[in-house]
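Observations on chain architecture
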Amino acid sequence: MSLNTIPRAALRSLSRTKPTLRASRTATRCLHQQSPSITASPLRHRPRVQQWAHSATPVAATIARRTMFIQTEPTPNADALKFNPNQRVLPESIASPYLEYLNPRSTLAPPHPSPLAAQLLNIDGVTSVFLGVDYITVTKDSSTPWAHVKPEVFAIINEFMTSGQPLVNTVAAKDGEQGQGGQEVDSLAYDENDSEVVGMIKELLETRIRPAIQEDGGDIEFRGFEDGQVMLKLRGACRTCDSSTVTLKNGIESMLMHYIEEVKGVQQILDQEEEIALKEFAKFEEKLKMQGRPVPGTVGKGSLDYVEG
């Protein structure tokens, strides 16, 4: 009986020493588990973090370059294409809604030389470059197919848009010096010195006619109003389009005469080169009629002189 009886003092001693043994084992086990992270060298991970941070910028730049999207739209002029880069083309500091470059010299002349237009005009077959607020119209000669011109135009526009290079610069110009087609002030802008009739003509051109012409890759310039005649000049794709005369007569003239009784007609202001081109086309058209052959039409869908049947 005395052998099976454990003194109370011994029980107290065992109860005190048992937690101590568990605590020491737990502590030993924790040290064993954490030892790899303590003894591991931090240098093994640092180069990887620095290398990832260093390569992050080129990867982002590559993604931005790949996602550049340029939309192409046909125009009534078979030799002109409209390119939409989905971002602003002309700087906001330029008051004119367009700039037109007709030769390489104009891309270097003040007041608005354009590195973009200079490179586009260096492409074989390109004859003019028209910069709108948010689009670019490129015109080529009739003997060069678009299959040879279009890829180069895409590459140049994409390079300028993704690299952040200036498309147009502004430099000081002498009095009367104008290297590009376009004016420092929009010809359709409101002027307090205009008469009531001229104000109505400008408003109608701005709100009803200009949007349709811009859709065709061009623009319109108001040159004056005299003796009932409205003097206008077409720009961009509409400048060299064979149907420009039809557009003026069937579209613009009829609309102006309908809303403004003082308007008796519309006259197109032409440059010397444009007059020669129109005369040559008239001779060609007359020759086709004499031969009994159909005259090719150049009226496009979306233009002012196009009516769906």
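Per chain, residues are indexed from 1 in the order of the written sequence. Under the rules for a predicted model, residues below a pLDDT of 70 receive no local features and side-chain atom pairs below 80 are neither given nor counted, while totals for whole chains, interfaces and linings still include all residues. Side-chain metrics rest on all non-hydrogen atoms present in the structure, leaving aside hydrogens and water.

**Quick notes on the overall build of the protein**
Along the protein, the regular secondary structure elements total 7 helices and 8 strands. Looking at the protein as a whole, 36% of its 309 residues qualify as buried. As displayed, the protein has an accessible area near 19,400 Å², and 54% of this comes from carbon and sulfur atoms. Here a strand is any run of E in DSSP of at least two residues, a helix any run of H or I of at least four, and the numbering for each starts at the N terminus. Burial classification: accessible surface area is computed with a 1.4 Å probe over protein chains only, and a residue below 20% of its type maximum counts as buried, one above 50% as exposed, and the rest as partly exposed. Accessibility throughout is a Shrake-Rupley quantity obtained with a 1.4 Å probe, and a residue counts as covered only by protein chains that appear here.

**Here we look at the packing of helix H5 (residues 196-215) against helix H6 (residues 244-259)**
Running from N to C, H5 and H6 cross one another at 150 degrees; their axes reach a closest spacing of 11 Å. The two elements H5 and H6 cross, and the hand of that crossing is right-handed. When H5 is examined against H6, the residues Ile201, Leu204, Leu205, Arg208, Ile209 and Ile213 are found in contact with a partner set consisting of Ile252, Met255, Leu256 and Tyr259. Throughout, an axis means a line fitted to C-alpha atoms (over the contacting stretch in the case of helices), and angles, computed between N-to-C directions, take values from 0 to 180 degrees. Should the near helix be turned counterclockwise from the far one by less than a right angle, the crossing is left-handed, whereas a clockwise turn marks it as right-handed. The contact criterion used throughout is that any non-hydrogen atoms of two residues lie within 4.5 Å.

**Notes on the confidence of the model for the protein**
A residue's pLDDT is the predictor's confidence in that residue, given on a scale from 0 to 100. Chain-level statistics for the protein give a pLDDT mean of 77 and a share of 67% at 70 or above. Across the protein, the secondary-structure element scoring lowest on mean pLDDT is helix H2 (residues 46-66), at 47, and the one scoring highest is strand S5 (residues 136-140), at 97. Residue range residues 18-44 is modelled with pLDDT below 50. Its contacts to residues more than four positions away, or to other chains, number 0 contacts. In this model residues 297-309 is a low-confidence stretch, pLDDT under 50, and it forms 26 contacts with partners more than four residues away in sequence or in other chains.

**Overview of the environment of Ser254**
Positionally, Ser254 belongs in helix H6. Measuring from C-alpha to C-alpha, the distance between Ser254 and Gly265 comes to 8.3 Å, with 11 residues separating the pair along the chain.

**Describing the pairing of strand S7 (residues 229-236)**
Counting buried positions along S7 yields 7 of 8 residues, so the element is predominantly enclosed. Note on pairing: two strands pair once DSSP finds at least 2 bridges between them. One ladder, built from 8 bridges, connects strand S6 (residues 218-226) with S7; its direction is antiparallel. What sits directly across from Ile220, in S7, is Leu234. From the end of S6 to the start of S7, which pair antiparallel, there are 2 residues, and Asp227 there has a positive phi angle of about 50 degrees. As paired elements, S7 and strand S8 (residues 265-268) share 4 bridges and run parallel to each other. Looking at the pairing, Leu232 lines up with Gln268 of S8.

**Describing the nonpolar core**
Nine residue types can take part in a nonpolar core, namely buried Ala, Val, Leu, Ile, Met, Phe, Trp, Tyr and Cys, and a core is a set of them joined through side-chain atoms within 4.5 Å. With 28 residues, the main nonpolar core has Leu116, Leu120, Leu131, Ile136 and Ile157 as its most contacted residues. Every element with two or more residues in this core is listed here: strand S2 (80-84), strand S3 (98-101), helix H3 (115-121), strand S4 (126-132), S5 and helix H4 (146-163). Residue contributions to this core peak at 7 residues, all from H4. Not counting the four nearest positions on each side in its chain, Leu120 is found in contact with Val126, Val129, Ile136, Val138, Val153, Ile156 and Ile157.

**Points about the side chain of Lys82**
Note that Lys82 resides in strand S2. The exposure class assigned to Lys82 is buried, which follows from its relative accessible area of 6%. Two N or O atoms form a polar contact when they lie within 3.5 Å of each other; inside protein one atom must be a possible hydrogen donor and the other a possible acceptor, and for residues adjacent in sequence the pair counts only when both atoms belong to side chains. Within the local environment of Lys82, its side chain forms a polar contact with the backbone oxygen of Gln214, the two atoms lying 2.9 Å apart. If we ignore the near neighbours within four places in the chain, the residues touching Lys82 are Gln71, Thr72, Glu73, Thr75, Tyr135, Ile136, Thr137, Gln214, Glu215 and Gly217.

**Observations regarding H5**
Over its 20 residues, H5 runs 28 Å from end to end, which matches the ideal 28 Å to within 8%, given 1.5 Å per residue. Of all the bends in H5, the greatest, near 45 degrees, is centred on Ile209, and the proline Pro211 appears no more than four residues after it. By the burial criterion, the buried members of H5 are Val197, Val198, Ile201, Lys202, Leu204, Leu205, Ile209, Arg210, Ala212 and Ile213. Buried residues along H5 sit against S6, S7 and H6. Once H5 ends, the next one or two residues include Gly217, with phi positive near 85 degrees. Each residue after the first adds 1.5 Å to the expected span of a helix. Two axes are fitted around each residue, one to the seven residues ending there and one to the seven starting there, and the angle between them is reported as the bend at that residue.

**Here's the deal with the packing of aromatic side chains**
Two aromatic rings from Phe, Tyr or Trp, using only the six-membered ring of Trp, form a pair when their centres are within 6.5 Å; if the ring planes differ by under 30 degrees the pair is stacked, by over 60 it is edge-to-face, and anything between is tilted. For the structure shown, the criterion picks out 3 aromatic pairs. Judged by centre distance (5.5 Å) and plane angle (85 degrees), the ring pair of Phe83 and Phe154 falls under edge-to-face. Of this pair, Phe83 sits in strand S2 while Phe154 sits in helix H4, and the two are 71 residues apart along the sequence. Using a relative accessible area of 0% as the deciding quantity, one classes Phe83 as buried. Taken together, the ring pairs in this structure connect Tyr98, Phe130 and Tyr135 into an aromatic cluster. Directly above the aromatic system of Tyr135 lies the positively charged group of Lys82, at a separation of 4.7 Å from the ring centroid. Only when the NZ atom of a Lys or the CZ atom of an Arg is both within 6 Å of the ring centre and within 35 degrees of the ring normal do we say a charge sits over the ring.

**Some details on the sheet that holds S3**
Pairing is antiparallel in the open sheet, where 5 strands are placed in the order S1-S2-S5-S4-S3. The open sheet has two edge strands, strand S1 (71-74) and S3, and neither has a second partner. Direction aside, neighbouring strands of the sheet carry axes that sit 20 degrees apart on average. Pairing between S4 and S5: 5 bridges, direction antiparallel. When the sheet's bridge partners are listed, Leu131 is paired in S5 with Ile136.

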